[in-house]
Amino acid sequence: MLKVDNLKVNYGGIEAVKGISFEVPENSIVTLIGANGAGKSTTLRSIVSLEKPASGTITFNGEDITGQDTNVIVSKGITLVPEGRKIFPDLTVLENLKIGAYMRKDDLSDDLEWVYSLFPRLKERSWQYGGTLSGGEQQMLAVARALMSRPKLLMMDEPSLGLAPLIVQEIFHIIREIHKDGVTILLIEQNANMALRTADVGYVLETGRITMTGSGAELLADESVRAAYLGK
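Quantities reported herein were computed from a predicted structural model and do not represent experimental measurements. (Residues numbered from 1 in each chain as written. Predicted model: local features only at pLDDT ≥ 70, side-chain atom pairs only at ≥ 80, totals over all residues. Heavy atoms only, no water.)

> Please clarify how the packing of aromatic side chains should be interpreted in this entry.
The description of an aromatic ring pair uses the distance of the two centres, along with the angle that the planes make with each other. Under the counting rule described, the total for this entry stands at one aromatic pair. Geometrically, the ring pair formed by Phe22 and Tyr203 is tilted, given 5.6 Å between the ring centres and 55 degrees between the ring planes. Separated by 181 residues along the polypeptide, Phe22 in strand β2 (residues 14–24) and Tyr203 in strand β9 (residues 201–206) bring together distant segments of the chain. With a relative accessible area of 3%, Phe22 lands in the buried category. Owing to a relative accessible area of 11%, Tyr203 belongs among the buried residues under this scheme. (Phe/Tyr/Trp six-rings, centres within 6.5 Å; stacked < 30°, edge-to-face > 60°. Helix = DSSP H or I, 4+ residues; strand = E, 2+ residues; numbered from the N terminus. Buried < 20%, exposed > 50% of the residue type's maximum accessible area, 1.4 Å probe, protein only.)

> Help me understand the sheet that holds strand β1 (residues 2–11) in this model?
In space, the four strands of this open sheet follow the order β2-β1-β4-β5, with antiparallel pairing throughout. Sheet topology places β2 and β5 (63–64) at the edges, where each strand pairs with a single neighbour. The pairing of strand β4 (residues 55–60) with β5 spans two bridges and is antiparallel. Counted as the bridge partner of Phe60 is Glu63 from β5. Sitting on the sheet, helix α1 (residues 40–47) is in contact with β1, β2 and β4, with an inclination near 115 degrees to β1. (Pairing = 2+ DSSP bridges. Contact = heavy atoms within 4.5 Å. Axes fitted to C-alpha atoms, helices over the stretch in contact; angles between N-to-C directions.)

> What should I look at first to understand the packing of helix α3 (residues 93–100) against helix α6 (residues 135–147) in this one?
The relative placement of two packed helices is expressed as an angle between their axes plus a distance between the axes. Contact geometry of α3 with α6 gives a least axis separation of 7 Å together with a crossing angle of 35 degrees. When the axes of α3 and α6 are compared, the crossing they make is right-handed. Contacts between α3 and α6 pair Val93, Asn96, Leu97 and Gly100 from the former with Leu141, Ala144 and Arg145 from the latter. (Left-handed = near helix turned anticlockwise from the far one by under 90°.)

> Which parts of the structure should I look at to understand helix α7 (residues 165–180)?
Structurally, the α-helix is built with 3.6 residues per turn, so residues lying three or four positions apart point the same way. Along its 16 residues, α7 runs 23 Å from first to last C-alpha, staying within 8% of the 22 Å computed at 1.5 Å per residue. Taken residue by residue, α7 has Val168, Ile171, Phe172, Ile174, Ile175 and Ile178 as its buried positions. Take α7 and look down its axis: the buried residues cluster within an arc of 155 degrees, on one side only. Turned more than 90 degrees off the buried face of α7, the exposed positions are Pro165, Leu166 and Lys180. Next to the buried residues of α7 lie β3 (29–33), α4 (109–118), α6, β7 (153–157), β8 (184–189) and α8 (192–198). Downstream of α7 by one or two residues, Gly182 has phi in the positive range, about 100 degrees. (Expected span 1.5 Å × (residues − 1). Arc of directions from axis to C-beta.)

> What is the right way to look at the nonpolar core in this model?
In globular proteins that are soluble, nonpolar side chains generally tend to be buried together. Within the largest apolar cluster, 46 residues are counted, with the highest numbers of intra-cluster contacts made by Leu97, Phe119, Leu154 and Ile178. Counting residues per element, this core draws most heavily on α6, at seven residues. In this structure Leu154 touches Thr79, Val81, Val143, Ala146, Leu147, Ile178, Val183, Thr184, Ile185 and Leu186, once residues within four positions along its chain are discounted. Leu2, Val4, Ala38 and Ile47 belong to the second largest nonpolar core, which has 27 residues in total. (Core = buried A, V, L, I, M, F, W, Y, C linked by side-chain atoms within 4.5 Å.)

> What's the story with the sheet that holds strand β6 (residues 78–81) in this structure? I'm lost.
Through backbone hydrogen bonds, the strands of a sheet pair up, either in parallel or in antiparallel fashion. Strand order in the open sheet formed by six strands is β6-β7-β8-β3-β9-β10, and the pairing between neighbours is mixed. Both edges of this open sheet fall to β6 and β10 (209–215), since each of them pairs with a single strand only. Here the average twist between neighbouring strands, direction ignored, is 15 degrees. By the bridge criterion, five bridges tie β7 to β8 in an arrangement that is parallel. Bridging across to β8, Leu154 finds its partner in Ile185. Along the sheet, α1 makes contact with β3, β6, β7, β8 and β9, crossing β8 at roughly 145 degrees. Those strands touched by α6 are β6 and β7, and its axis lies near 170 degrees from that of β6.

> Please clarify how the layout of surface pockets should be interpreted in this entry.
One water molecule sets the probe size; rolling that probe over the atoms shows where empty space is left. Looking at the largest pocket, its volume works out to about 520 Å³. Around the largest pocket, the lining comprises 23 residues; the ones closest to its centre are Val74, Thr79, Leu80, Pro82 and Arg145. Elements supplying a minimum of two residues to the lining of the largest pocket: α1, α2 (70–76), β6, α3 and α6. The element contributing the most residues to the lining of the largest pocket is β6, with four residues. Its residues placed into classes, the lining of the largest pocket shows twelve nonpolar, six polar and five charged. (1 Å grid on protein atoms, 1.4 Å probe; cavity = no way out; pocket = protein on both sides within 12 Å on 5 of 7 lines; lining within 4 Å. Points joined across faces, edges and corners; volume = space filled by probe spheres on them. Nonpolar A, V, L, I, M, F, W, Y, C, P; charged D, E, K, R; others polar.)

Structure representation (structure tokens):
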């Protein structure tokens, strides 16, 4: 579905992403793991043109989308759940969800029911302002808002960041449920244990380069990955 080939991204004079290549097959969950500053967020942001690549190509369903306008890329079926949630605190839950569907002109009823089935707490709080939700509920709202655009590929940037362990478990359960509903997922996570247990394929990103790849199970079992990212 998604193919990134020799992607390079610069911040000023700094090469943040140094020629990485990876693929996201349709109907898969793929994760990029790595330390802070490895280039994970920059990679996702460049896929949706929030950062402009210096070189390389990004192909989605056989079409070169490198550097296309972000709204065009969203219309093709790629949505990013950003780090830090970025919900609208002064809008209700329902208004936040409708903003996620801003490019659509059709009826939203079925999709609202779908996201409410995934996130029952959001349905209970549909008229509550986003800023009054707990951290976990705000993360759920950020994911639900992204789903309202009916993405083929959902990219998630640190969905478990700052959340209590029980909420982290719930978020990853929901990620698996979204995948069961036919959405392909590209996930970046500092919680490497949860990410690799969830993903079909994983890539290890270090200082802008991919240093390892394998199935989630293979990377979980690798001693160097365990020492660097799992604390074992």
